[in-house]
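Per-entry structural report
As a plain string of letters, each chain reads:
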Amino acid sequence: MLIVDSHTEGEPTRVILEGGPDLGSGPLSERAACLEREHKDFYRSMVVEPYGQEAMVGVLLVEPVDPECVTGVIYFDAAAVIGMCGHGTIGVAATLAYIGKIGIGSYKIETPVGIVEVTLSDKNTVTVKNIDSYRFQKSITVDVEGIGKVTGDIAYGGNWFFLVDDSPTPVLPNNIRSLTETGIAIREAIYAQNITGDNSGIIDHIVLYGPALTQKGHTRNFVLCPDDAYDRSPCGTASSARLACLAADNLLSAGDEIYQESTIGSGYTLSYQMSTNPSSSSKASIVPSITGQAFITREATLIFNPSDPLKNGVVL
Ligand code: PYC
């Protein structure tokens, strides 16, 4: 299994260049569903110990349906195949540059939830123009065990997010354990109270903000991913959902930039344009832009020995 690893603002990405399962040649959403249904051992083993590491997102490069796309991609973490991944897309662009497949310029990449555009400004700096993103519901209150009432917005940025402006736990690097517990408790309350995104979309990412302003003048976030790891970067799809909320509340104008800091102090520069696509939702959609940097950390062949009892990864 030939892989290239990178990190985007601290968040690890593993791109599988060769050796993944045959998922057929249908639409990427069907191939992603096939990976989820039939190859869980494979994708899990790619990102958990002993072959992977905590918080790692894996990317399978596949043949795109649309020939204008430079590649197709299917993203996953240790718990699930995910629709889109902003930090992963920045990592893919840096990886394609590293292996000589792309140079400075703009390219289309096909994901299971739509086509995104990447612009490589130098070998590390990438802007992702994400798929249309929108806020579905504002100020939904959930009753969270051990915490009480927590209010947040439900928004889509390629994955479904519950975004809490006033985090019950301050978003500070030394609070990571309690932020994780808070995020898990909120997600469990959302599931228990049958709260979903549009079209029953599963809200599997929780985003916490606060205190309101950081030294850089903008917010710091904490993003809990489906595998219970927190995103070391500010999470590209969470940032997209955030932009959709700021746009819906008239707190940020199209074209204006903000800086979104992560829990560890790395960050993305963000902006948006209003979407001109006919929307599948009744809500106004935006096209988010996310700029960050990825660095290659490893190029390797993973060896899975059939007699290794942990070849499918550590399961706790
Ligand atoms: O950057 O969109 C993102 C992402 C999703 C899960 C981990 N990172």
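You'll find the structure just up there.
Residues numbered from 1 in each chain as written. Predicted model: local features only at pLDDT ≥ 70, side-chain atom pairs only at ≥ 80, totals over all residues.

A few words now on the pairing of strand β7 (residues 114-120). As paired elements, strand β6 (residues 105-111) and β7 share seven bridges and run antiparallel to each other. Pairing of Ile109 across the sheet is with Val116, part of β7. Hairpin geometry of β6 and β7 is characterised by an intervening segment of two residues between the two adjacent antiparallel strands. Bridge count between β7 and strand β8 (residues 125-129): four bridges; the pairing is antiparallel. Its bridge partner lying in β8, Leu120 is registered against Val126. Joining the antiparallel neighbours β7 and β8 is a turn of four residues. (Pairing = 2+ DSSP bridges. Helix = DSSP H or I, 4+ residues; strand = E, 2+ residues; numbered from the N terminus.)

Moving on to the site of the ligand. Within the structure, the ligand sits among Glu11, Val57, Ile82, Cys85, Gly86, His87, Cys225, Asp231, Ser233, Cys235, Gly236 and Thr237. The set of elements that each furnish at least two residues to the shell around the ligand consists of α3 (86-98) and α5 (236-248). Per-class residue counts for the shell around the ligand are five nonpolar, five polar and two charged. (Near = placed C-beta within 6 Å. Nonpolar A, V, L, I, M, F, W, Y, C, P; charged D, E, K, R; others polar.)

Now for helix α1 (residues 28-38). Among the residues of α1, Leu28, Arg31, Ala32 and Leu35 are the ones counted as buried. All buried residues of α1 project into a common sector of 100° when viewed along the axis, lining one side. Turned more than 90 degrees away from the buried face of α1 sit Arg37 and Glu38, all of them exposed. (Buried ≥ 20, exposed ≤ 12 C-beta atoms within 10 Å, placed from the backbone. Arc of directions from axis to C-beta.)

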